[in-house]
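As a plain string of letters, each chain reads:
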Amino acid sequence: MCPSDVSTQWHAFLSALPKCEHHVHLEGCLEPDLIFTLASKNNVSLPSPSENPAYTSIETLSERYGHFSSLDDFLSFYFIGMTVLKTQSDFAELAWTYFKRAHEEGVHHAEVFFDPQVHLERGVAYRTVVDGYVQGCKRAESELGISTRLIMCFLKHLPLQSAQDLYHTALKEGDLDFEGRDPVIHGLGASSSEVGPPKDLFRPIYLSAKERGINLTAHAGEEGDASYILAALEKGATRIDHGIRLVEDPALMERIAREEVLLTVCPVSNVQLKCVKSVGEVPIRKFLDAGVRFSINSDDPAYFGAYILECYCAVQEAFGLSLAEWKTIAENGVKGSWIGEERKNELLGRIDECVKRFEGVL
Ligand code: HPA
Ligand code: ZN
């Protein structure tokens, strides 16, 4: 399950460590074999081999995934892959399959992204998508004991109007209702191409959502420089997805540390999308030294070939962190989660217990 070179004891510890995942796109969990299976079940045509030879077979597609040249190169496959999802049970099964794997790898709390705009554009109803994912989340909560949160992403390569329509649909459906009850969708995010679309594209939506008390995050500082991170904070994001280019702006890094903004770092994704040459180039050490809170995440595991445990092991292999540093990382993930104090304390207790268990071993 994990090809890294970390020792058996470290692997056992990182596996047992209660983890939170805050940056995984459910559509990024569509494995190549499932893409072909669902395409056939739902009569969806994938590109023909003459249009795109990568779609000749499961093997050629998997092979092509190992050679992404950039974020946009990856996205061109990601947006094709998700077109095979059609029914509520397709969405529910996809979410359930992710949660099962995450649970096996020691995830206790998962905040997962989904991208409705592409589904709506091709005629899938908003409720089909949301109800399917909610079904997967509820099953994970009851059968696996994982706590879950859904984060709806707006796509930066599409016009603002499309995002506004989606936002208003979610409001009208009551899914973003934060008053008095647990909302169906716990937060909003922004993903897709970074360099190109205006940095402030979703500002009106974010400002409106902020007034309603809705949790806000945004992909920033992945391919784009630190000014994208600043723009995300200025429009109300309290969490940053990726954020690795924060190190280029020490003053902003100090602010992020002071304001306890969580970065959801995805080290293997960064390597696969050529943002860095190796996991060792991801600024994990700099963030630890500067007191910047971050979690470690898989992003699109079916495309990048690594689920969360492998991402943790890759970080250990590159940085040789101490038990105390891993404790801090795990605790900061809990503190930055969009859950109540009671669940946070429960998870912090489990982390403490696990670290104590390994103190004599590592
Ligand atoms: N960046 C931006 N958009 C995305 C990503 C990513 O890493 N993964 C899926 N959509
Ligand atoms: Zn992402």
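Conventions we followed
- Residues numbered from 1 in each chain as written.
- Chains lettered and ligands numbered in written order.
- Predicted model: local features only at pLDDT ≥ 70, side-chain atom pairs only at ≥ 80, totals over all residues.
- Heavy atoms only, no water.
- UniProt positions renumbered as here; feature names shortened; annotations may be inferred.
- Near = heavy atom within 4 Å.
- Polar contact = N/O pair within 3.5 Å; in protein donor to acceptor, adjacent residues only side chain to side chain.
- Areas by Shrake-Rupley, 256 points an atom, 1.4 Å probe, with all protein chains shown as cover.
- 1 Å grid on protein atoms, 1.4 Å probe; cavity = no way out; pocket = protein on both sides within 12 Å on 5 of 7 lines; lining within 4 Å.
- Sits in = over half its atoms within 2 Å of the grid points.
- Helix = DSSP H or I, 4+ residues; strand = E, 2+ residues; numbered from the N terminus.
- Nonpolar A, V, L, I, M, F, W, Y, C, P; charged D, E, K, R; others polar.
- Donors = N, O, S within 2.8 Å, 3.2 Å for Na, K, Ca; no water.
- Tetrahedral: all angles 85-135°; square planar, octahedral: opposite > 155°, others 65-115°.
- Core = buried A, V, L, I, M, F, W, Y, C linked by side-chain atoms within 4.5 Å.
- Buried < 20%, exposed > 50% of the residue type's maximum accessible area, 1.4 Å probe, protein only.
- Contact = heavy atoms within 4.5 Å.
- Phe/Tyr/Trp six-rings, centres within 6.5 Å; stacked < 30°, edge-to-face > 60°.

Under the annotation held in an unreviewed UniProt entry, the protein chain carries the name Adenine deaminase and is attributed to Aspergillus mulundensis. For the record of the protein chain, the UniProt heading Sequence similarities (unreviewed entry) holds the text "Belongs to the metallo-dependent hydrolases superfamily. Adenosine and AMP deaminases family. Adenine deaminase type 2 subfamily." In the Function (unreviewed entry) part of its UniProt record, the protein chain is described as follows: "Catalyzes the hydrolytic deamination of adenine to hypoxanthine. Plays an important role in the purine salvage pathway and in nitrogen catabolism."

(A) Local environment of the site of ligand 1. By nearness alone, every residue bordering ligand 1 is listed as His 25, Leu 71, Phe 74, Leu 75, Tyr 78, Ser 191, Ser 192, His 219, Glu 222, His 242, Asp 299 and Asp 300. Within the side chain of His 25, a nitrogen or oxygen atom sits 3.3 Å from a nitrogen atom of ligand 1. A distance of 2.8 Å is found between an oxygen atom of ligand 1 and a side-chain nitrogen or oxygen belonging to Asp 299. Surface burial for ligand 1 is 100%, taken as the share of its 260 Å² of free accessible area covered by protein chains. According to the grid-proximity analysis, the pocket containing ligand 1 is the second largest cavity. Looking at the shell around ligand 1, the element that brings in the most residues is helix 4 (residues 71-81), giving four residues. Grouping the amino acids of the shell around ligand 1 by side-chain chemistry returns four nonpolar, five polar and three charged.

(B) Representation of the coordination of the zinc ion (ligand 2) within the structure. The protein atoms that coordinate the zinc ion (ligand 2) are His 23 (NE2), His 25 (NE2), His 219 (NE2) and Asp 299 (OD), at distances spanning 2.1 to 2.3 Å. Every donor counted, the four donor atoms about the zinc ion (ligand 2) form angles of 82 to 173 degrees at the centre, which fits irregular coordination. Sequence positions of the residues that donate to the zinc ion (ligand 2) give the spacing H-x1-H-x193-H-x79-D. Highlighted residues: His 23 in strand 1 (residues 19-25) and Asp 299 in the loop between strand 8 (294-296) and helix 14 (301-304), separated in sequence by 276 residues.

(C) Spotlight on the nonpolar core. If you look at the biggest cluster of nonpolar residues, it comprises 127 residues, and the most contacted ones within it are Phe 13, Phe 99, Tyr 133, Phe 154, Ile 256, Tyr 303 and Trp 326. Beyond its immediate sequence surroundings of up to four residues, Phe 13 is in contact with Leu 323, Trp 326, Cys 354, Val 355, Phe 358 and Leu 362.

(D) Quick look at the packing of aromatic side chains. Counted according to the given criterion, the structure contains 20 aromatic pairs. Ring geometry for Tyr 65 against Phe 77: centres 6.2 Å apart, planes inclined by 80 degrees, an arrangement best described as edge-to-face. Here Tyr 65 is found in helix 3 (residues 58-65), whereas its partner Phe 77 is found in helix 4, with twelve residues between them in sequence. Each ring, one from Phe 154 and one from Phe 202, has its centre 5.6 Å from the other, and the planes form 50 degrees; the classification is tilted. You can see Phe 154 sitting in strand 3 (residues 147-155) and its partner Phe 202 sitting in the loop between strand 4 (187-191) and helix 9 (203-211), a full 48 residues away along the chain.

(E) Quick look at the UniProt feature "site: Important for catalytic activity" (unreviewed entry) in the protein chain. As annotated by UniProt and renumbered to match this structure, "site: Important for catalytic activity" (unreviewed entry) occupies His 242. With respect to the helices, strands and loops of the structure, His 242 is situated in strand 6 (residues 239-242). Residues in contact with His 242, not counting those within four places in the same chain, are His 23, His 219, Ala 220, Gly 221, Glu 222, Leu 263, Thr 264, Val 265, Cys 266, Ser 269, Asn 270 and Asp 299.

(F) Layout of the UniProt feature "binding site: substrate" (unreviewed entry) in the protein chain. Feature annotation in UniProt assigns "binding site: substrate" (unreviewed entry) to the following positions: Asp 300. For Asp 300, the position within the fold is in the loop between strand 8 and helix 14. Residue Asp 300 is classed as buried on the basis of its relative accessible area, which comes to 2%. Leave out the neighbours within four places in its chain, and Asp 300 touches His 25, Gly 28, Phe 74 and Tyr 78.

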